[in-house]
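Each chain, letter by letter, is given below.
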Amino acid sequence: MIVHEQEVRKNIYSDRWSKDLITGDSGFSMGVAEYDAVEFGPVQVHDDQEAVYVISGVGEIRIGDKVYPIRPGSAAYIPPGTEHATRRIGDVPVKVVYAHGAV
């Protein structure tokens, strides 16, 4: 199966848009998101684990009670059940590739 980002509809949220590119019954999914908010938006919490890889923009990611700087090439692991949020710093939105995996 091949999916192109331009062919997938955006899900719009207050702090970002996202596109789920690969989903299925296996417990694995992957997509892209772009964070345009300069303040942390609503926290996200998932039952599964998540990995995030930054492809453009500079910002910060809050994982639990810690805040980390992120830039292109940064990768983050978010354990199951952990609150997290992302924001941009500067003029360019933070675009990430994310993957969710069953625990």
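All values reported here derive from a predicted model rather than from experimental measurement.

S.K.: What should I look at first to understand the overall build of the protein chain in this one?
M.R.: Within the protein chain, the regular secondary structure consists of zero helices and nine strands. When the helices and strands of the protein chain are read in sequence order from the N terminus, they spell out β-β-β-β-β-β-β-β-β. For 103 residues, the compact-globule estimate of 2.2 N^0.38 gives 13 Å, and the protein chain sits close to it at 13 Å. Oriented by its inertia axes, the alpha-carbon framework of the protein chain measures out at about 35 × 30 × 25 Å. Counting every position in the protein chain, which comprises 103 residues, the buried fraction comes to 40%.

S.K.: Explain the pattern of salt bridges to me, please; I cannot follow it from the model alone.
M.R.: Between side chains of opposite charge, pairing is possible as soon as their charged atoms come close. On inspection of all chains with the given rule, the structure shows five salt bridges. Salt-bridge contacts for Arg88 lead to Asp36; the nearest nitrogen and oxygen are separated by 3.1 Å. Here the residue Arg88 occupies a position in strand 8 (residues 84-88), and Asp36 occupies one in the loop between strand 3 (28-35) and strand 4 (49-56), the gap between them amounting to 52 residues. The exposure class of Asp36 is partly exposed, given its relative accessible area of 43%. One salt bridge in this structure joins Glu60 and Arg87, with 2.5 Å as the shortest N-O distance.

S.K.: I tried to follow the packing of aromatic side chains on my own but got confused; where do I start?
M.R.: How two aromatic rings sit relative to each other is given by the distance of their centres and the angle of their planes. Counting across every chain of the model gives zero aromatic pairs. For the cation-ring pair, Lys10 lies above Trp17, with the distance from its terminal atom to the ring centre recorded as 4.7 Å. In this structure, Arg16 packs its charged tip against the face of Tyr13, placed 4.0 Å from the ring centre.

S.K.: Mind showing me how you'd approach the sheet that holds strand 6 (residues 66-70) here?
M.R.: Working definition: the strands of a sheet are paired by backbone hydrogen bonds and lie parallel or antiparallel to each other. Taken in spatial order, the three strands make up an open sheet running 6-5-8, and their pairing is antiparallel. The open sheet has two edge strands with one neighbour each: strand 6 and strand 8. Here the strands of the sheet are splayed against their neighbours by 20 degrees on average, with no regard to which way each runs. Sheet analysis places strand 5 (residues 59-63) next to strand 8, joined by five bridges and oriented antiparallel. Following the sheet pairing, Ile61 is matched in strand 8 by Thr86.

S.K.: I tried to follow the environment of Ile22 on my own but got confused; where do I start?
M.R.: Inspection of the secondary structure puts Ile22 in strand 2 (residues 16-22). The exposure class assigned to Ile22 is partly exposed, which follows from its relative accessible area of 32%. Between the alpha carbons of Ile22 and Ala99 there is a distance of 9.0 Å; along the sequence they are 77 residues apart. In this structure, Ile22 is in contact with Met1, Phe28, Ser29 and Met30, ignoring residues within four places of it in sequence.

S.K.: Is there a simple way to think about the nonpolar core in this case?
M.R.: Taken as a class, soluble globular proteins show a tendency for nonpolar side chains to be buried jointly. Core analysis: the largest hydrophobic core is formed by twelve residues, namely Ala33, Tyr35, Val52, Val54, Ile61, Ile63, Ile70, Ala76, Ile78, Val94, Val96 and Tyr98. Ranked by residue count, the leading element in this core is strand 9 (residues 94-101), at three residues. Among all residues touching Ile61, those that are not within four sequence positions of it are Phe40, Lys66, Val67, Tyr68, Ile70, Ala76, Ile78, Ala85 and Thr86.

How each quantity is defined
- Residues numbered from 1 in each chain as written.
- Predicted model: local features only at pLDDT ≥ 70, side-chain atom pairs only at ≥ 80, totals over all residues.
- Heavy atoms only, no water.
- Helix = DSSP H or I, 4+ residues; strand = E, 2+ residues; numbered from the N terminus.
- Rg over C-alpha atoms; globule rule 2.2 N^0.38 Å.
- Buried < 20%, exposed > 50% of the residue type's maximum accessible area, 1.4 Å probe, protein only.
- Salt bridge = Lys/Arg side-chain N within 4 Å of Asp/Glu carboxyl O.
- Phe/Tyr/Trp six-rings, centres within 6.5 Å; stacked < 30°, edge-to-face > 60°.
- Lys NZ or Arg CZ within 6 Å of the ring centre and 35° of its normal.
- Pairing = 2+ DSSP bridges.
- Axes fitted to C-alpha atoms, helices over the stretch in contact; angles between N-to-C directions.
- Contact = heavy atoms within 4.5 Å.
- Core = buried A, V, L, I, M, F, W, Y, C linked by side-chain atoms within 4.5 Å.

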